[in-house]
Amino acid sequence: MAITGGAQAAPAPTAAADQLVVVVTEDWAANQGHLQAYARTAQGWQPSGPGFAVAIGRHGSAWGTGLAAGDGEPRKHEGDGRSPAGVFAIGPAFGYEAHIDSAMPYRQMQADSWCIDVPASPLYNRIVDARDVGAEAVKGSTEAMRLDLHHDGDRRYREGFVIQHNPGNVPQSGSCIFAHLWRTPGETTAGCTAMAPADMRRLMRWLRPEAHPQFVLLPRAEYARLQADWQLPEAK
């Protein structure tokens, strides 16, 4: 008697997404990359708008924790100056103004808004308001979400969105990963992805929460290796 059935292959990590924000770098050490947005169509993934230059972690990238990632080295950890590589859900938008031109859920940051990057904290990898959790709870964090108020008008967090790396908030695995603005072209980050204000505005207008958008960051060789299994678009 023939045996049929058996275990089904797991769905690709991008299966639920109708929008992808894809960043490709030249290798693990590269701290500059190219971003291209893609929309799912009946013909497959199609580019949406022009691609553009971005900057990532000053020391390049490393495997993160999200919807999909490799199981080898390098691995992302707190304070390594690397952006997480893999596939990640895109979380809410944030910024300095009361409103932005985007359909994404949005949270205006205040002088008391902090993202906790202290691994021992029970609030690790969360954006909190010191008025709610208490000043002691944010003590030691370096991630003021109103950089303009804490660092001489710094505009980097004027508009951005959360990249949902380390959703389990595992200590030392990396925290507070965002897409945000750069102050000068090509300025690297501590682990985020930075871009020009005009590019961020176009991206935020395009993103739709009902499309379950995802963020993908990979070195070029890893992208080519995983493209079929992860059902990724043709890289630009």
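Further up the page is the structure itself.
### Thoughts on the overall build of the chain
Stage number 1. Each helix and strand in the chain was counted, giving 5 helices and 14 strands.
Stage number 2. Relative to a compact globule of 236 residues, whose C-alpha radius of gyration would be 18 Å, the chain shows 18 Å and is just as compact.
Stage number 3. Across its three principal directions, the C-alpha atoms of the chain cover 70 × 40 × 35 Å.
Stage number 4. For the chain, the proportion of its 236 residues judged to be buried stands at 50%.
Stage number 5. Here the analysis covers contacts within the chain between residues at least 6 apart in sequence; of these, 61% occur between residues at least 24 apart.

### Observations regarding the state of the cysteines
Stage number 1. What the rule picks out here adds up to 1 disulfide.
Stage number 2. What pairs with Cys-115 in a disulfide is Cys-176, and their sulfur atoms sit 2.1 Å apart. Where Cys-115 bonds to Cys-176 through sulfur, the torsion about that S-S bond is close to -95 degrees, and the disulfide is left-handed. Residue Cys-115 is found in strand β8 (residues 113-115), and its partner Cys-176 is found in the loop between β11 (159-163) and β12 (178-181); the two are separated by 61 residues along the sequence.
Stage number 3. Classification of Cys-176 by relative accessible area gives buried; the value is 4%.
Stage number 4. Take Cys-192: it sits in no disulfide, and the sulfur closest to it among the cysteines is that of Cys-176, at 8.0 Å.

### Overview of the nonpolar core
Side chains of a nonpolar character, in soluble globular proteins, are inclined to be buried together.
Stage number 1. Core analysis: the biggest nonpolar cluster contains 41 residues, and Phe-161, Leu-203, Leu-207, Phe-215 and Leu-218 have the highest contact counts within it.
Stage number 2. Apart from residues lying up to four places away in sequence, Phe-215 is in contact with Val-21, Val-23, Gly-86, Val-87, Phe-88, Ile-90, Phe-161, Ile-163 and Thr-193.
Stage number 3. Within the second largest apolar cluster, 11 residues are counted, among which are Leu-147, Val-162, Phe-178 and Cys-192.

### What about the sheet that holds strand β9 (residues 127-129)?
Stage number 1. Strand order across the open sheet formed by 3 strands is β9-β8-β10, with antiparallel pairing between neighbours. The sheet terminates laterally at β9 and β10 (143-144), the two strands that pair on one side only.
Stage number 2. In terms of strand pairing, β8 meets β9 through 3 bridges, oriented antiparallel. The partner of Cys-115 across the bridge, within β9, is Ile-127.

### A short note on the packing of aromatic side chains
Stage number 1. Overall, the coordinates contain 4 aromatic pairs when judged by the stated rule.
Stage number 2. Consider the rings of Tyr-157 and Phe-178, whose centres lie 5.4 Å apart with planes at 90 degrees: the pair is edge-to-face. Pair noted here: Tyr-157 is in the loop between α3 (147-150) and β11 and Phe-178 is in strand β12, with a separation of 21 residues, a long-range link.
Stage number 3. Using a relative accessible area of 5% as the deciding quantity, one classes Tyr-157 as buried.
Stage number 4. Positioned over the ring face of Tyr-96 is Arg-146, at 4.6 Å from the centre of the ring.

### Quick notes on the environment of Ser-113
Stage number 1. Relative to the assigned elements, Ser-113 resides in strand β8.
Stage number 2. Expressed as a C-alpha distance, the spacing of Ser-113 and Ala-130, which sit 17 residues apart in the sequence, is 6.4 Å.
Stage number 3. When residues no more than four places from it in sequence are discounted, the contact partners of Ser-113 are Val-128, Glu-143, Ala-144, Met-145 and Arg-146.
Stage number 4. A polar contact is formed between the side chain of Ser-113 and the backbone nitrogen of Gln-110, at a distance of 2.9 Å.

Reading the values: the criteria
Residues numbered from 1 in each chain as written. Predicted model: local features only at pLDDT ≥ 70, side-chain atom pairs only at ≥ 80, totals over all residues. Heavy atoms only, no water. Helix = DSSP H or I, 4+ residues; strand = E, 2+ residues; numbered from the N terminus. Rg over C-alpha atoms; globule rule 2.2 N^0.38 Å. Buried < 20%, exposed > 50% of the residue type's maximum accessible area, 1.4 Å probe, protein only. Contact = heavy atoms within 4.5 Å. Disulfide = S-S within 2.5 Å. Core = buried A, V, L, I, M, F, W, Y, C linked by side-chain atoms within 4.5 Å. Pairing = 2+ DSSP bridges. Phe/Tyr/Trp six-rings, centres within 6.5 Å; stacked < 30°, edge-to-face > 60°. Lys NZ or Arg CZ within 6 Å of the ring centre and 35° of its normal. Polar contact = N/O pair within 3.5 Å; in protein donor to acceptor, adjacent residues only side chain to side chain.

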